[in-house]
Amino acid sequence: MPPVPDDRRTDLGGSELPGSSVELMELTLVSDELGTFTVPLGGPGRDIPYELPGGAVVSIMLTFRLGTDTDGLIFETIRAREGEQPVTRRSALGSFRTGGPYEIRLPPERLPLGRAHCGTYDVTARMSDAAGIEHARVKHRFTLVHRLPTSAVQGDPHRIGLR
């Protein structure tokens, strides 16, 4: 894998913080109903929200490398929408040796259901260690739409559809 471009090494949307020991290489949404979608970590498309149908069940798959041994790695997502309280989900990943890439699939989560929850959400995904030191952060956005999961549109890279 080539080195991470400099535009991804910032805390404003990149996959790695300067001086950190964790490189978040890929963040993928996986759903039995919808297929898979890789969240753009940098470059074109990073700021364009992708669409997800309300009530869909999705898992996050992480691919990362480590520059040093890391104890107690934690992955956390903070999902926020204007006018609502942020929702935080935290998963303990464990301890890892230098190297990788490591690939971990987190337990599935059901997205909010109903027209009242439709709209654009800002998500901050962070990786930190047992000491609370943040090693990676990526920001992305998605739009929750009122649509049955099986009717998601295919072809548009910002709409998650069936395979």
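In the block above lies the structure referred to throughout.
Residues numbered from 1 in each chain as written. Predicted model: local features only at pLDDT ≥ 70, side-chain atom pairs only at ≥ 80, totals over all residues. Heavy atoms only, no water.

Okay, the environment of Val 57 next. As for its placement among the helices and strands, Val 57 is situated in strand β4 (residues 57-66). Residues Val 57 and Leu 34 lie 23 residues apart in sequence; the distance between their C-alpha atoms is 8.7 Å. Each residue touching Val 57, except ones within four places of it in the same chain, is listed here: Val 30, Ser 31, Glu 33, Pro 108, Glu 109 and Arg 110. (Helix = DSSP H or I, 4+ residues; strand = E, 2+ residues; numbered from the N terminus. Contact = heavy atoms within 4.5 Å.)

Once that is clear, we can look at the pairing of strand β3 (residues 50-53). A regular strand carries its side chains on alternate faces of the sheet. Burial along β3 is two-sided: Tyr 50 and Leu 52 and Glu 51 and Pro 53, pointing in opposite directions, are all buried. Relative to strand β10 (residues 134-145), β3 is paired through four bridges, and the arrangement is parallel. Looking across to β10, one finds that Tyr 50 is bridged to Phe 142. (Buried < 20%, exposed > 50% of the residue type's maximum accessible area, 1.4 Å probe, protein only. Pairing = 2+ DSSP bridges.)

Tracing the sequence through the fold places Thr 77 in strand β5 (residues 70-80). A relative accessible area of 11% means that Thr 77 is categorised as buried. Discounting residues that sit within four places of it in the chain, Thr 77 has contacts with Ile 60, Val 87, Thr 88, Arg 89, Val 123, Thr 124 and Ala 125.

Quick look at the nonpolar core now. Grouped together as the largest cluster of nonpolar side chains are 31 residues, with contacts concentrated most on Leu 27, Leu 62, Phe 64, Phe 75, Leu 93 and Met 127. Elements with a minimum of two residues in this core: β1 (22-31), β3, β4, β5, β6 (87-96), β9 (119-128) and β10. The greatest single-element share of this core, amounting to five residues, is contributed by β4. Excluding residues within four positions of it along the chain, Met 127 makes contact with Val 22, Leu 24, Phe 64, Leu 73, Ile 74, Phe 75, Leu 93, Ile 133, Glu 134, His 135 and Ala 136. (Core = buried A, V, L, I, M, F, W, Y, C linked by side-chain atoms within 4.5 Å.)

Another point: the sheet that holds β5. One open sheet holds the five strands; their spatial order is β3-β10-β9-β5-β6, and the pairing between them is mixed. Two strands close off the open sheet at either side, each with one partner strand: β3 and β6. Each strand of the sheet is rotated relative to its neighbour by a mean of 30 degrees, with strand direction disregarded. Of the strand pairs in this sheet, β9 and β10 are connected by ten bridges, and their pairing is antiparallel. Counted as the bridge partner of Tyr 121 is Phe 142 from β10. (Axes fitted to C-alpha atoms, helices over the stretch in contact; angles between N-to-C directions.)

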